[in-house]
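Notes for the structure review
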Protein chains: 2
Amino acid sequence: MIAYLGPEGTFTHEAVRRWAGDADVAQQPLATVREVHDAVASGAADRGVVAIESSVEGYVVPSLDALVGSPDVVAVDEVVLDISFDAFVRPGRAAGSGTAGLREATAHPHGLAQCTRFVTEHGLLPVPASSNAAACRDLADHQVAFGPRLCGELYGLETLATGVEDFAGARTRFVVLCRRDDATAAWAPLRAGHETEAWRTMLAVTPVVTGPGVLARVTAEFAERGVNMSSLVERPLKVREGQYVFVVTLDGAPWEPQVRDLFTALLGAGDSLKVLGAFPVAPGGPGLDGVLPDHVPTGSVLRQDGDAAVARGLLW
Amino acid sequence: MIAYLGPEGTFTHEAVRRWAGDADVAQQPLATVREVHDAVASGAADRGVVAIESSVEGYVVPSLDALVGSPDVVAVDEVVLDISFDAFVRPGRAAGSGTAGLREATAHPHGLAQCTRFVTEHGLLPVPASSNAAACRDLADHQVAFGPRLCGELYGLETLATGVEDFAGARTRFVVLCRRDDATAAWAPLRAGHETEAWRTMLAVTPVVTGPGVLARVTAEFAERGVNMSSLVERPLKVREGQYVFVVTLDGAPWEPQVRDLFTALLGAGDSLKVLGAFPVAPGGPGLDGVLPDHVPTGSVLRQDGDAAVARGLLW
């Protein structure tokens, strides 16, 4: 059984279906990330699926913290989805009449925020729902609902328009969870099929001391061994004020020699380590890179920009 | 005039009032982070206020990206608020009858999610609203609304209970924005009053090349000068696939000698730099440290834990 953060018809549900493919596996929507973790840890579910990172919003912190905090659950695969919203109406509404008689647009507030152009162009009144799936399920005759393609299918709706989000190219990364003690078995078929492919590993590093130079020491160990970090975030530790745990995504699998060597060096320095997950890089490119809205740091300065420009950029 | 991410009655509005104190300054709620930035850049507003980081959700990525992407707007102060929800009812409902006759709880879905215990204990049906402020404004006789204290005052509601969030201790950090060209003037009174106090600087570093060792090189420059990083996040650059801009929060002001020296070294290495903001550390402790839900990385291993434990922790 695959447990996932529900309800049915969410992007997470779509990720579950993508991951399971044609396999006939029961799928169970649950209400919270915690419940998904508990279901996997207890063995009630073989796998769990939760969103971990969005190209628009960054890390899904509750999912990240749950992985950091769990002794028994680890990520063994990933799914990357394009986040695209379709506009749905009740069956029979779209034919002929277009949007005549449609007065409201409904979705989760995040969904409404991502489809503001469509709402404005059609002069609709935004009506928030508890989830995009709930908006689709409870759709009224005078309403348009925004949701993943899957929602139309689940709730027998008619598609008024596809891809109605304001900005195309948003992607979300989901992780597939299993019990830590089952990880090696879970990886066996993936390793068999992906011996030559790129893997990524998520690692939590809790440095032995804090202060200037800690991150420099840790990152130098990566650099010395040519292990690339594709992402690094810090999460505070409650129990030791001012201390952080670093969550690093690195290029490589935990069993590859340069990664083993890196882990050995960090342990040798006294750091606490935990592998949070490892998986072949999902099809469709390197994670979320290169598909994001503009992030040019306009106003940045270079050495050769001259004193006035540098002073303006650096405010020193 | 102070522009802020509205509507009225949000935590951001509360941050504006905290920051403005007794000063008689017009306050203008706007619909998006982009509109707040535009109002500040154009001079329509003297200051702007947006949330930048939450102890529960991490960075507010749209706010961070707006700062990274803006040539003309910079953060010149910060406000840190405890995020606590009160439960409101229509005037006269609370007296005597308690919660009898109350059937629904309404708030933004995030607010509902943070007050689930109260909802469950009182057997209420959750009803999502577009914002906590809208839930309070449009409150019906049979409903309880969750929102910041300010909402009760703004909408003349009665307080049924205070601090009804599931987990106490959540905090949100807001930044006060102004035009880059006005930053030095904006800092003058702050510097005068805080000569001996700790400042923090937010810096965007776009490294000249990418790959293993980049972060190690950058962090080594910090370590050499004893400049502490209190936070580091990466945001991808759309225009150069696989390249990142690092947003670093460091202890110190841009004009302090060791920080100037650090900036000079990074520029010398060819990195693009931009100061995104600087401010005295807000009263109430070091940013968001030490007030977070548990983040003990349970299941982490140390060198001395023995081969079996280490293998389980590292899955190598």
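Note that this is a predicted model, so its numbers are computed, not measured. (Residues numbered from 1 in each chain as written. Chains lettered and ligands numbered in written order. Predicted model: local features only at pLDDT ≥ 70, side-chain atom pairs only at ≥ 80, totals over all residues. Heavy atoms only, no water.)

Things to note about the overall build of chain A
On a plain count of helices and strands, chain A comes out with eleven helices and 15 strands. Here chain A holds 316 residues, and the buried ones make up 54% of them. For chain A, contacts bridging at least 24 residues in sequence account for 74% of all contacts bridging at least 6. Accessible surface, chain A as shown: approximately 12300 Å² in total, 52% of it carbon and sulfur. (Helix = DSSP H or I, 4+ residues; strand = E, 2+ residues; numbered from the N terminus. Buried < 20%, exposed > 50% of the residue type's maximum accessible area, 1.4 Å probe, protein only. Contact = heavy atoms within 4.5 Å. Areas by Shrake-Rupley, 256 points an atom, 1.4 Å probe, with all protein chains shown as cover.)

Examining helix H3 (residues 61–69) of chain B
Most of H3 of chain B sits out of view: seven of its nine residues are buried. Taken together, the buried positions of H3 of chain B are occupied by Val61, Ser63, Leu64, Asp65, Ala66, Leu67 and Val68 of chain B.

Here we look at the pattern of salt bridges
All names here are of chain B. For the structure on display, the rule yields 32 salt bridges over all chains. The closest approach of N and O atoms between arginine 217 and aspartate 271, which form a salt bridge, is 2.9 Å. Separated by 54 residues along the polypeptide, arginine 217 in helix H9 (residues 214–224) and aspartate 271 in the loop between helix H10 (257–268) and strand E15 (272–280) bring together distant segments of the chain. Its relative accessible area of 26% is what places arginine 217 among the partly exposed residues. (Salt bridge = Lys/Arg side-chain N within 4 Å of Asp/Glu carboxyl O.)

Description of the confidence of the model for chain A
All names here are of chain A. The share of residues in chain A with pLDDT of 70 or more is 89%, and the mean pLDDT across the chain is 85. Across chain A, strand E6 (residues 86–89) holds the top mean pLDDT of 96, while strand E4 (residues 58–59) sits lowest at 78. Of the regions scoring below 50 in pLDDT, residues 285–296 engages in 36 contacts with residues more than four places distant in sequence or in other chains. Scoring of the predicted complex yields 0.76 for pTM and 0.73 for ipTM. (pLDDT = per-residue confidence, 0-100.)

Structural notes on the side chain of glutamate 221 of chain B
Residue and element names in this part refer to chain B. Of note, glutamate 221 is situated in helix H9. Exposure remark for glutamate 221: the relative accessible area of 15% places this residue in the buried category. If we skip the residues at most four places from it in the chain, glutamate 221 touches Leu262, Ala265 and Leu266.

What about the environment of arginine 303 of chain A?
Looking at the element boundaries, arginine 303 of chain A is found in the loop between strand E15 (272–280) and helix H11 (307–314). Ignoring any residue separated from it by four or fewer positions in sequence, one finds arginine 303 of chain A in contact with Val310 of chain A together with Leu267 and Gly268 of chain B. A distance of 3.2 Å separates a polar atom in the side chain of arginine 303 of chain A from the backbone oxygen of glycine 268 of chain B. (Polar contact = N/O pair within 3.5 Å; in protein donor to acceptor, adjacent residues only side chain to side chain.)

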